[in-house]
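This is what each chain is made of:
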Amino acid sequence: QVQLVESGGGLVQSGGSLTLSCAAPGRSWDVFATAWFRRAPGKEREGISGIRGQRSCGQYRTYYSNSVRGRFTISRDPAKNVVYLQMNDLRVEDTAIYYCATGAQSMPDAGELEAENYDSWGQGTQVTVSS
């Protein structure tokens, strides 16, 4: 089992930006789907963004929850084994612990943001947005 390592969290003002990184040494991003989840105080874990290979054209497909669509962008750098989450226009409601997770590329369609489809998780990184 490979333990993922998140970094880039911190304190940011409302309306600001932050970029999170997820490193997985030894794991191929071409084999595993990757997603970002978050857990806000008093709330359940929420899948917010995912990325997986598009077999038909060799490109990547990305997925976003309604709460972050248009503000967050997920990307990957296979050469560095790093997945990024660029977060723009941050809001107080975005305050949470953010987790990176990986799962099989063959997971069911529409399951990209479901925690049950991921088997490797990082320790989490805290993101706090002030008003």
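Figured I'd write up the structure that's included with this text. (Residues numbered from 1 in each chain as written. Predicted model: local features only at pLDDT ≥ 70, side-chain atom pairs only at ≥ 80, totals over all residues. Heavy atoms only, no water.)

This part covers the environment of Glu-46. One can find Glu-46 in strand S5 (residues 46-54). Along the backbone, Glu-46 and Arg-69 are 23 residues apart, and their C-alpha atoms lie at a distance of 14 Å. Excluding residues that lie within four positions of it along the chain, Glu-46 makes contacts with Trp-36, Phe-37, Arg-38, Ser-65 and Ser-67. (Helix = DSSP H or I, 4+ residues; strand = E, 2+ residues; numbered from the N terminus. Contact = heavy atoms within 4.5 Å.)

Take the pairing of strand S8 (residues 82-87) next. Where strand S3 (residues 18-23) meets S8, 6 bridges bridge the pair, whose relative direction is antiparallel. Its bridge partner lying in S8, Leu-18 is registered against Met-87. As paired strands, strand S7 (residues 72-77) and S8 are joined by 6 bridges and run antiparallel to one another. Bridging from a neighbouring strand, Ser-75 pairs with Tyr-84 of S8. (Pairing = 2+ DSSP bridges.)

Next up on the list: the side chain of Ser-49. Note on placement: Ser-49 falls in strand S5. The exposure class assigned to Ser-49 is buried, which follows from its relative accessible area of 0%. Separated by 3.2 Å, the side chain of Ser-49 and the backbone oxygen of Tyr-63 make a polar contact. Apart from the residues lying within four places of it in its own chain, the contact partners of Ser-49 are Thr-34, Ala-35, Trp-36, Tyr-63, Tyr-64, Ile-74, Leu-85 and Leu-113. (Buried < 20%, exposed > 50% of the residue type's maximum accessible area, 1.4 Å probe, protein only. Polar contact = N/O pair within 3.5 Å; in protein donor to acceptor, adjacent residues only side chain to side chain.)

Before going further, it helps to examine the nonpolar core. Trp-36, Phe-72, Leu-85, Met-87 and Tyr-98 are the most contacted members of the largest nonpolar core, which has 23 residues in total. Of all the secondary structure elements, the ones that give two or more residues to this core are S3, S5, S7, S8, strand S9 (96-104) and strand S11 (125-130). Contacts of Leu-85, omitting those with residues within four sequence positions, involve Leu-18, Thr-19, Leu-20, Trp-36, Ile-48, Ser-49, Phe-72, Thr-73, Ile-74 and Tyr-98. Core analysis: the next-biggest nonpolar cluster, separate from the first, contains 7 residues, Ala-33, Phe-37, Met-107 and Tyr-118 among them. (Core = buried A, V, L, I, M, F, W, Y, C linked by side-chain atoms within 4.5 Å.)

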